[in-house]
Amino acid sequence: MLIDMSTSRPATSAPNTPHTAHTPNTAHTSGHPRRTHDDAPDTARLFTRLTTMDEGAERDAVRDEIVTAWLPMAHRIAGRFRDRGEAIEDLRQVAALGLVKAVDRFDPERGAFESYAVPTITGEIKRHFRDRMWALRVPRRVQELRNKVRLARRELAQTPGAPEPSTADLAAHTGLTEDEVAAGLEALESFSTLSLDAELPAGDDGYSLADTLGEADVSYDIVVDRESAKESLRRLPERERAILYMRFFEDMTQSRIADRLGISQMHVSRLISRSCAQVRQEAMGRPGDGR
């Protein structure tokens, strides 16, 4: 629980006090039990002094003293997020950054520092997980959908024996569309990535995830080009179509084509160049250059 830093900690009773041994029990039996952490120091006077000081080395020293005093609390909060895929040292650094922000923004006249610092530090750590711990960069909108769907699914599943909520149930509970819920559900499973070299769990064939992925088929490009040129080839005169067929499908030389048709090789070359240019222009959506 949070403590009121506007008052000092209760001092330990003197040995001569008759009820010294019963003091802890009195605190637990009161109507408003108070729990203090060993890492919650009394820095009320330092904060009061900090607010009256101008920028400079002396003020920085007081600020550093406050941060150092509260650093164990920041480390304790960081410890709540251990075992979530991030090193505890990195979490402590993030928590320390949140502590510095809390010290800089805190107004002693608005309450106890701990009640302001705890949510500030916790929010900084959660923001770190949200923005830095995704294996792939996920848009902020999708991250927010993920959080809404996660909370809604947990709330709907609180009733013992309740079935797994459907997409429609989650949409009705959150006010999101079913497409948004689907995106949030996908994001729930996308916090980490799986190596393409990872072996598939089913079967003993040793196949990896990469073996299940398709590859670009160059034949598709050939099909597209062939279909694009088909109509243009049909519009060519019969002699030009015959020349192209002999040259590109029967692999005949221009000299042999010229001998078969009884024309010069130079004329065959001109017909091939002109026919190919016309087909190319029409296949690319350009008007022909005429004949």
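Look up a bit, the structure's there.
Conventions adopted
- Each chain carries its own residue numbering, running from 1 in the direction its sequence is written.
- Predicted model: local features are reported for residues with pLDDT of at least 70 only, side-chain atom pairs are reported and counted for 80 or more only, and whole-chain, interface and lining totals are derived from all residues.
- Note that water and hydrogens are dropped before the side-chain values are worked out from all heavy atoms of the structure.
- For this document, the term salt bridge refers to a Lys or Arg side-chain nitrogen within 4 Å of an Asp or Glu carboxyl oxygen.
- To qualify as a helix, a DSSP run of H or I must reach at least 4 residues; to qualify as a strand, a run of E must reach at least 2; elements of each kind are numbered from the N terminus.
- Here the term buried applies to any residue with accessible area under 20% of the maximum for its type, exposed to any over 50%, and partly exposed to those in between, with areas from a 1.4 Å probe on protein chains only.
- By convention a nonpolar core is built from buried Ala, Val, Leu, Ile, Met, Phe, Trp, Tyr and Cys residues, the set being connected through side-chain atoms within 4.5 Å.
- Only protein atoms enter the 1 Å grid used here, on which a cavity is any set of points holding a 1.4 Å probe that cannot leave and a pocket is any open set flanked by protein within 12 Å on both sides along at least five of seven lines; residues with an atom within 4 Å of a point are listed as lining.
- Grid points are joined across faces, edges and corners, and a volume is the space filled by probe spheres set on the points.
- Residues adjacent in sequence count toward polar contacts only when both atoms are side-chain atoms; beyond that, a polar contact is any pair of N or O atoms within 3.5 Å, and within protein one must be able to donate a hydrogen and the other to accept it.

(A) How the structure looks around the pattern of salt bridges. In the structure shown here, the tally under the stated rule is 14 salt bridges. A salt bridge links Glu-114 to Arg-76; the shortest N-O distance between them is 3.9 Å. Taken together, the positions of Glu-114 in helix α5 (residues 113-132) and Arg-76 in helix α3 (residues 57-79) put the pair 38 residues apart, joining distant regions of the chain. Lys-230 serves as the salt-bridge partner of Glu-227, at 3.0 Å between the closest nitrogen and oxygen. Placement of the pair is Glu-227 and Lys-230 together in helix α9 (residues 218-234), with a separation of three residues, close to one helical turn. A relative accessible area of 45% places Glu-227 in the partly exposed class.

(B) A look at the nonpolar core. Ranked by internal contacts, the top residues of the largest apolar core, which has 28 residues, are Phe-113, Ile-121 and Ile-125. Top contributing element to this core by residue count: α3, with eight residues. Ranked by size, the runner-up nonpolar core spans twelve residues in total, among them Leu-236, Ile-257, Val-268 and Leu-271.

(C) A look at the layout of surface pockets. Of the pockets and cavities examined, the largest pocket occupies roughly 630 Å³. Counting residues per element, the ones that place at least two in the lining of the largest pocket are α9, α10 (238-248) and α12 (265-283). Here the lining of the largest pocket takes eight residues from α9, the largest share from any one element.

(D) Structural context of the environment of Ser-228. Relative to the assigned elements, Ser-228 resides in helix α9. A relative accessible area of 31% places Ser-228 in the partly exposed class. Residues Ser-228 and Gly-285, 57 residues apart in the sequence, show an inter-C-alpha distance of 9.3 Å. At 2.8 Å, the side chain of Ser-228 forms a polar contact with the backbone oxygen of Val-224.

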